[in-house]
Amino acid sequence: MMDGHSMGQTAEGPQAVQFATYTAMKAVQRWLLWKEVPQEGRKPLKVPHYVNGSKRGATDTPDDWAQLTSYDATKAALAQRGEGWGLAFALGPDGTGGHWQGVDYDDVEAKGLGSIANRWAKGDLHDWGHVEISPSGTGAHVIGYGRQFPALGSNATGIEAYSAGRFFTVTEQERRAMPPVTGTVQRSSAHKKTGVCS
């Protein structure tokens, strides 16, 4: 059964992930906001909020799904917020057997990740996910759809990957070539710890 959170298809085979990913993302109710929260001596946290202003609690539950909203409604809510807010997309199961997935390539140039990031941005993996430049301007984030997999948390490689319990902030600045990746983009794609993106 197709609902506002799902692709309306199973996660069987390559057809489950080979589609216009961002168009599909905009068609499902998996959107929320994030707010930047300063930390002394550390980079700011990106804390997820529902459009009603409340902080996101437990993820991947019926109550959580009920508070995720459409792309248009979330964009409208974002327009009413001030500095330090951004657009975000919830990863995780959609109720059909498929999962919205995210891969974070941190500091692409410094960590020697240019070749694999370019496969997503313009190479053989291009049609398998939506690729954006990160808010820092030095990394890349990929959002896709398919099967659940074990999370790859923070580690020395600079690559993290999740299919549940996380969100990605969304810059809407699609990346088609990297490296070089320099500078800082306007607010709004990262992710991380359960309920908190850093």
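The structure presented is a predicted model; accordingly, all values stated were derived computationally and were not measured.

1. Considering the sheet that holds strand β9 (residues 167–170)
Then, number 1: The strand order across the open sheet formed by four strands is β2-β1-β3-β9, and the pairing between neighbours is antiparallel. Each edge of the open sheet is held by one strand with a lone partner, namely β2 (42–49) and β9. On average, adjacent strands in this sheet sit at an angle of 40 degrees to one another, irrespective of strand direction.
Then, number 2: Examined bridge by bridge, strand β1 (residues 31–39) and strand β3 (residues 85–90) share five bridges and lie antiparallel to one another. Within β3, the residue paired with tryptophan 31 across the bridge is phenylalanine 89.

2. Points about the pairing of strand β8 (residues 159–162)
On any regular strand, side chains alternate: one points to one face of the sheet, the next to the other face.
Then, number 1: The alternating pattern of β8 places Ile159 and Ala161 and Glu160 and Tyr162 on opposite faces, both of which are buried.
Then, number 2: The sheet contact formed by strand β5 (residues 99–105) and β8 spans four bridges and is antiparallel. For tyrosine 105, the partnering residue across the bridge sits in β8 and is isoleucine 159.

3. Focus on the side chain of histidine 141
Then, number 1: Checked against the element boundaries, histidine 141 lands in strand β7 (residues 140–146).
Then, number 2: The buried category is assigned to histidine 141, whose relative accessible area is 3%.
Then, number 3: A distance of 3.0 Å separates the side chain of histidine 141 from the side chain of aspartate 104, its partner in a polar contact.

4. Points about unusual backbone geometry
Then, number 1: A positive phi angle, near 60 degrees, is found at aspartate 60, a position not held by glycine.
Then, number 2: In this structure, aspartate 60 sits in the loop between β2 and α2 (62–67).
Then, number 3: With a phi close to 60 degrees, glutamate 172 is a non-glycine residue in the positive phi region.
Then, number 4: Residue placement: glutamate 172 occurs in the segment after β9.
Then, number 5: Judged by relative accessible area, which is 30%, glutamate 172 ranks as partly exposed.

5. What about the pairing of β3?
Then, number 1: Summarising burial for β3: six of the six residues are buried, a large majority.
Then, number 2: The alternating pattern of β3 places Trp85, Leu87 and Phe89 on one face and Gly86, Ala88 and Ala90 on the opposite face, and all of these are buried.
Then, number 3: Here β3 runs beside β9; their pairing, made up of four bridges, is antiparallel. What sits directly across from alanine 88, in β9, is threonine 169.

6. Focus: the pattern of salt bridges
Then, number 1: Under the definition given, this model contains two salt bridges.
Then, number 2: As a salt-bridge pair, glutamate 172 and lysine 75 come within 2.8 Å of each other at their nearest N and O atoms. Linking glutamate 172 in the segment after β9 with lysine 75 in helix α3 (residues 71–79), this pair joins segments that are 97 residues apart in sequence.

7. Thoughts on the packing of aromatic side chains
Then, number 1: By the definition in use, this model includes six aromatic pairs.
Then, number 2: Taken together, a centroid distance of 5.0 Å and an interplanar angle of 75 degrees make the contact between tryptophan 31 and phenylalanine 89 edge-to-face. One end of the pair, tryptophan 31, is in strand β1; the other, phenylalanine 89, is in strand β3, and 58 residues separate them in sequence. Each of the two residues, tryptophan 31 as well as phenylalanine 89, counts as buried.
Then, number 3: These aromatic residues form a ring-pair network of at least three members: Tyr22, Trp31, Tyr71, Phe89, Trp100 and Tyr145.
Then, number 4: When the ring centre of tryptophan 34 is taken as reference, the NZ or CZ atom of lysine 46 above it lies at 5.6 Å.
Then, number 5: Residue placement shows arginine 81 over the ring face of tryptophan 85; its charged tip is 5.0 Å from the ring centre.

8. Quick look at the side chain of aspartate 64
Then, number 1: Residue placement: aspartate 64 occurs in helix α2.
Then, number 2: Judged by its relative accessible area of 0%, aspartate 64 is buried.
Then, number 3: With residues near it in sequence (within four places) discarded, aspartate 64 still touches Tyr50, Arg56, Ala58 and Thr59.

9. Focus: the environment of glycine 144
Then, number 1: When you line up the elements, glycine 144 lands in strand β7.
Then, number 2: Judged by its relative accessible area of 6%, glycine 144 is buried.
Then, number 3: Sequence separation between glycine 144 and methionine 25 is 119 residues; the distance between their C-alpha atoms is 9.1 Å.

Definitions and cut-offs
- Residues numbered from 1 in each chain as written.
- Predicted model: local features only at pLDDT ≥ 70, side-chain atom pairs only at ≥ 80, totals over all residues.
- Heavy atoms only, no water.
- Pairing = 2+ DSSP bridges.
- Helix = DSSP H or I, 4+ residues; strand = E, 2+ residues; numbered from the N terminus.
- Axes fitted to C-alpha atoms, helices over the stretch in contact; angles between N-to-C directions.
- Buried < 20%, exposed > 50% of the residue type's maximum accessible area, 1.4 Å probe, protein only.
- Polar contact = N/O pair within 3.5 Å; in protein donor to acceptor, adjacent residues only side chain to side chain.
- Salt bridge = Lys/Arg side-chain N within 4 Å of Asp/Glu carboxyl O.
- Phe/Tyr/Trp six-rings, centres within 6.5 Å; stacked < 30°, edge-to-face > 60°.
- Lys NZ or Arg CZ within 6 Å of the ring centre and 35° of its normal.
- Contact = heavy atoms within 4.5 Å.

Purely geometric stuff here, so don't read any function into it on its own.
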